[in-house]
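Breakdown of the fold
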Amino acid sequence: MIGLISATAAGAVARDRLAAAWPGRTRVYEGPVRDAVERAFAECGQLVCFLATGAVVRLVAPLLAGKAADPGVVCVDEGQRYAVSLLGGHGGGANLLAEQVADVLGCEPVVTTATDATGVPGLDTLGWPVDGAVASVTRAVLDGDPVELRADVVWPLPPLPAHVGPAADGSAVLHVTDRIIDIGAGDAVLRPPSLTVGVGASSGAPADEIVGLIEETLRDVGLSALCVGELATVDAKASEPGIVAAAGHFGVPLVTHAAERLADIDVPNPSEAPLAAVGTPSVAEASALAGGGQLLVPKRKSSPKGRAAMATCAVVRRRPRGRLAVVGLGPGARDLLTPRAAAELRRASVLVGLDQYVDQIRDLLRPGTRILASGLGAEEERARTAVAEACAGHAVALIGSGDAGVYAMASPALAEASDDIDVVGVPGVTAALAAASILGAPLGHDHVSISLSDLHTPWEVIERRVRAAAEADIIVTFYNPRSRGRDWQLPKALAILAEHRAPDTPVGVVRNASRPDESSRMTTLAGVDPATVDMMTVVTVGNTATRDIAGRMVTPRGYRWQS
């Protein structure tokens, strides 16, 4: 919950705008400001104070408990010019909150945290537990001092600067491991979620017995409990209170599997008891292995005093899953690049894309991002490269213009990808949509996009699709309409449409939609000149209902009142 506190009428107006924008996320604190701040500080995870920063500093100073416990605090000035991340930039989420507040109020976010200001990922922002000399290692990263990276395996980390790596020879060391290790005074340890703990339990097994068994087992084999990524069990135990509570204790999800699936997994220690009880000869070992990985600890039983064991566990080290984000950059304008796309670009340690698209967004990349760019015509190679990098454990962004799933990189990439990597799709504004917004509202009813390039699709198939759209009276947007080597396809497609539509049917021609050299024009099916069209152009042909209204291309939605 986000507490909102204001002291003036102007502050209250801004406060209420924020509350209206985020229903259910915020709570307004009325009354004397000092009392309101104290109550919000105790009850909320974050605060937005429409007060001067100096006033907020004096109000919260007596309340501070520590970096790990204090809420994030953002201050907004009386003129609503700035949203200042004042306290808890990372741990309290104030840096992100300042950006979100700025988006709503139209002001400037002010973030002074060094890692955010320089584009270097903070060790405490990666979503993994981190311990050791976090501050000193972060300082070394910021100062450009060598930081040796000692990772047991490759994990999909965000980009790290060039002076952070296995070959760096410095006094600071960053470990990425699930092992309990001795670290030096200048070392920090990132704890990846590498361990799956399979759990079996009798009905009514106490949570503390399950938790104690897991912690003792991990400690005995030198593994950190901070690296438990999930607990796993059989479906029949999905609601077992002790198992559910144990997952809550470790702060991880509880994953369950069907008994039939677990019964097919080879395990070293099958047993008749679980087979009779839940339909599989193994629960702990089989559920731990169900997601793949290496069995580090075979089944162990709890050992309570004075009674029989009620819990078992087994531990598997999961193979790191690389991450492939397929990112649509939109039609070209920076303000049509979505915030989600920008975030994925900053998160990726490897960027794969067409060279001209890489140049569009190079300034958004974090220091240390490895760029793999190639020229036109290498789509399949780029797709294979991106998947291979993700399979090697990296965080990869594969970029395309418009929406990456529309005549772009998503299809070839996903055709190459198996289920051993995580795939994230980031939608983008397509060329058809960008052009439509310039023309007016040509896509107000059923519409279709057809590429006229016969490099990958036989012309006979393209022609059949154009004819079907013509006969069905569907609005058509032509992609790849004409190039120097393909100058007859567009006239042929327009002639097919002309068999079913009047000569004065509106046609919109947009070149380089949303880019500095954007151009557009309205014409008709009889008047369109294919010689003015190239590969940077999309051509939208209306249906029989499309009209030129005040110089705009409009297709009615078909409601009765419009007819």
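Here the structure is shown first, and the text comes after it.
Since the model is a prediction, treat every value here as computed from it, not as a measurement. (Residues numbered from 1 in each chain as written. Predicted model: local features only at pLDDT ≥ 70, side-chain atom pairs only at ≥ 80, totals over all residues. Heavy atoms only, no water.)

1. Here's the deal with the overall build of the protein
We apply this condition: A run of H or I in DSSP becomes a helix once it reaches four residues, and a run of E becomes a strand once it reaches two; helices and strands are each numbered from the N terminus. Only protein chains enter the accessibility calculation, which uses a 1.4 Å probe; a residue is then buried when its area is under 20% of its type maximum, exposed when over 50%, and partly exposed in between. Only the protein chains shown count as cover for residues, and the accessible areas themselves come from Shrake-Rupley with a 1.4 Å probe. Charge counting follows a simple rule: Lys and Arg are positive, Asp and Glu are negative, and His as well as the terminal groups are ignored. Every charge is mapped to an atom, namely NZ of Lys, CZ of Arg, CG of Asp or CD of Glu.
Check the secondary structure of the protein and you find 18 helices and 29 strands. Along the first, second and third principal axes, the C-alpha set of the protein runs to 90 × 65 × 55 Å. Expressed as a percentage of the 563 residues in the protein, the buried residues total 46%. Accessible surface, the protein: about 25900 Å² in total, of which carbon and sulfur atoms supply 52%. Looking at the protein, you have 50 positive and 63 negative side-chain charges, and the mean spots of the two groups are 2 Å apart.

2. Some words on helix α4 (residues 94-105)
Because an α-helix packs 3.6 residues into every turn, residues spaced three or four apart end up facing the same way. Condition: Between the first and last residue of a helix there are one fewer steps than residues, each counted as 1.5 Å, and that sum is the expected span. It is the directions from the helix axis to the C-beta atoms that the arc portrays.
Given a rise of 1.5 Å per residue, 12 residues ought to cover 16 Å, and the 16 Å separating the end C-alpha atoms of α4 matches this to within 8%. Residues of α4 that are buried: Ala94, Asn95, Leu97, Ala98, Val101, Ala102 and Leu105. For α4, the buried positions fall inside an angular range of 160° around the axis, keeping them on one side. Of the residues flanking the end of α4, it is Gly106, one or two places downstream, whose phi is positive at about 70°.

3. Some details on the state of the cysteines
Among covalent bonds in proteins, the disulfide is the one between the sulfur atoms of two cysteines. Applied cut-off: Two cysteine sulfurs form a disulfide in these notes if their separation is within 2.5 Å.
In this structure the tally under the stated criterion is zero disulfides. Looking at the unpaired Cys227, the closest cysteine sulfur is the one in Cys313, lying at 16 Å. The exposure class assigned to Cys227 is buried, which follows from its relative accessible area of 0%.

4. Here we look at the sheet that holds strand β11 (residues 187-190)
Note the threshold: The rule for pairing is simple: two strands pair if DSSP sees at least two bridges between them. We call two residues in contact when some of their heavy atoms are within 4.5 Å. Between the N-to-C directions of two axes lies an angle of 0 to 180 degrees, each axis being a line fitted to C-alpha atoms and, for a helix, fitted only over the stretch in contact.
Across the sheet, five strands lie side by side as β7-β11-β10-β8-β9; this open sheet has mixed pairing. Among the strands making up the open sheet, the edge pair consists of β7 (130-132) and β9 (164-165). When strand β10 (residues 172-176) meets β11, the two strands line up parallel, connected through four bridges. Paired with Val176 across the bridge in β11 is Leu190. Against the sheet, helix α6 (residues 134-143) engages β7, β8 (147-151), β9, β10 and β11, with an angle of about 110° to β10.

5. Side note on helix α1 (residues 9-21)
For α1, spanning 13 residues, the distance from its first C-alpha to its last is 19 Å, which sits close to the expected 18 Å at 1.5 Å a residue. Among all positions of α1, only Gly11, Ala12, Ala14, Arg15 and Leu18 are buried. One face of α1 carries all of its buried residues, which in axial projection span an arc of 165°. In α1, the exposed residues that point more than 90 degrees away from the buried face are Ala9 and Ala20.

6. Some details on the pattern of salt bridges
As a reminder, the rule being used: Salt-bridge detection follows one rule: a side-chain nitrogen of Lys or Arg within 4 Å of a carboxyl oxygen of Asp or Glu.
Scanning the model with the defined rule gives 21 salt bridges in all. With a shortest N-O distance of 3.0 Å, Asp16 and Arg15 are connected by a salt bridge. Measuring nitrogen to oxygen at the nearest pair gives 3.4 Å for the salt bridge that ties Arg27 to Glu43. One end of the pair, Arg27, is in strand β2 (residues 26-28); the other, Glu43, is in helix α2 (residues 33-43), and 16 residues separate them in sequence. Overall, Glu43 belongs to the partly exposed group, its relative accessible area being 47%. Ionic contacts of the salt-bridge type, sharing partners, join the residues Arg15, Asp16 and Glu30 into one network.

7. What to know about the sheet that holds strand β13 (residues 228-234)
The strand order across the open sheet built from five strands is β14-β13-β12-β16-β15, with neighbouring strands paired in mixed fashion. Across the chains shown, the open sheet's two edge strands, defined by having one partner strand only, are β14 (254-257) and β15 (294-301). Each adjacent strand pair in this sheet contributes to an overall mean axis angle of 25°, direction not counted. Note: strand β12 (residues 195-201) against strand β16 (residues 311-317), seven bridges, orientation antiparallel. Residue pairing in the sheet places Val197 in a bridge with Val315 of β16. Each of β12, β13, β15 and β16 is contacted by helix α7 (residues 207-220), which is oriented at about 40° to β16, the strand it contacts most. Across the sheet, helix α8 (residues 241-250) is in contact with β12, β13 and β14; its angle to β13 comes to roughly 170°.

8. With respect to the nonpolar core
Which entries qualify depends on this criterion: Here, the term nonpolar core denotes a set of buried Ala, Val, Leu, Ile, Met, Phe, Trp, Tyr and Cys residues that are joined through side-chain atoms within 4.5 Å.
Counting residues in each nonpolar core, the largest one holds 23 residues, and the members touching the most others are Val197, Val199, Ile210, Ile214, Leu218, Leu231 and Val315. Listing elements by their share of this core, those giving two or more residues are β12, α7, β13, α8 and β16. Take this core: its biggest share by element is five residues, from α7. Discounting chain neighbours no more than four positions away, the residues touching Val315 are Leu195, Thr196, Val197, Thr217, Leu218, Leu223, Gln294, Leu295, Leu296 and Val297.

9. Some words on the packing of α1 against α4
So the rule is basically this: Note on angle classes: values under 35 degrees are labelled roughly parallel, values over 145 roughly antiparallel, values of 65 to 115 roughly perpendicular, and the remainder oblique. Side-chain classes follow a simple rule in which Ala, Val, Leu, Ile, Met, Phe, Trp, Tyr, Cys and Pro form the nonpolar group, Asp, Glu, Lys and Arg form the charged group, and the remainder, Gly included, forms the polar group.
In the contact formed by α1 and α4, the axes pass within 10 Å of each other and the chain directions differ by 100°. One way to sum up the angle between α1 and α4 is to call them roughly perpendicular. Within the contact between the two elements, α1 uses Ala14, Arg17, Leu18 and Ala21 and α4 uses Val101, Val104 and Leu105. Across the contact of α1 with α4, the residue classes break down as six nonpolar, no polar and one charged.

10. Here we look at the pairing of β13
Rules: Crossover handedness is defined by viewing with both strands directed away from the observer: a clockwise path from the first strand over the helix to the second marks the crossover as right-handed.
Within β13, seven of the seven residues are buried, which leaves the element mostly enclosed by the surrounding structure. Taken together, the four bridges between β12 and β13 define a ladder with parallel strand orientation. Within the sheet, the bridge partner assigned to Val197 lies in β13 and is Leu231. Of the pairings in the sheet, the one linking β13 to β14 comprises four bridges and is parallel in character. The partner of Thr233 across the bridge, within β14, is Thr256. Tracing the backbone out of β13, into α8 and back to the parallel element β14 gives a crossover that is right-handed.

11. Observations regarding unusual backbone geometry
One non-glycine residue with positive phi stands out, namely Tyr407, at about 50°. As for its placement among the helices and strands, Tyr407 is situated in the loop between β20 (395-400) and α15 (410-416). Overall, the relative accessible area of 45% leaves Tyr407 in the partly exposed class. Residues other than glycine seldom take positive phi values, yet Asp473 does so here, at roughly 60°. Here Asp473 lies in the loop between α17 (459-471) and β24 (475-479).

12. Thoughts on the packing of aromatic side chains
Short version of the rule: Between 30 and 60 degrees the pair is tilted, below 30 it is stacked and above 60 it is edge-to-face, where a pair is any two Phe, Tyr or Trp rings, Trp via its six-membered ring, whose centres lie within 6.5 Å.
This structure, assessed with the given rule, holds three aromatic pairs. Taken together, a centroid distance of 5.0 Å and an interplanar angle of 70° make the contact between Trp459 and Trp488 edge-to-face. Taken together, the residues span a long stretch of sequence, with Trp459 in helix α17 and Trp488 in the loop between β24 and α18 (489-498) at a distance of 29 residues.

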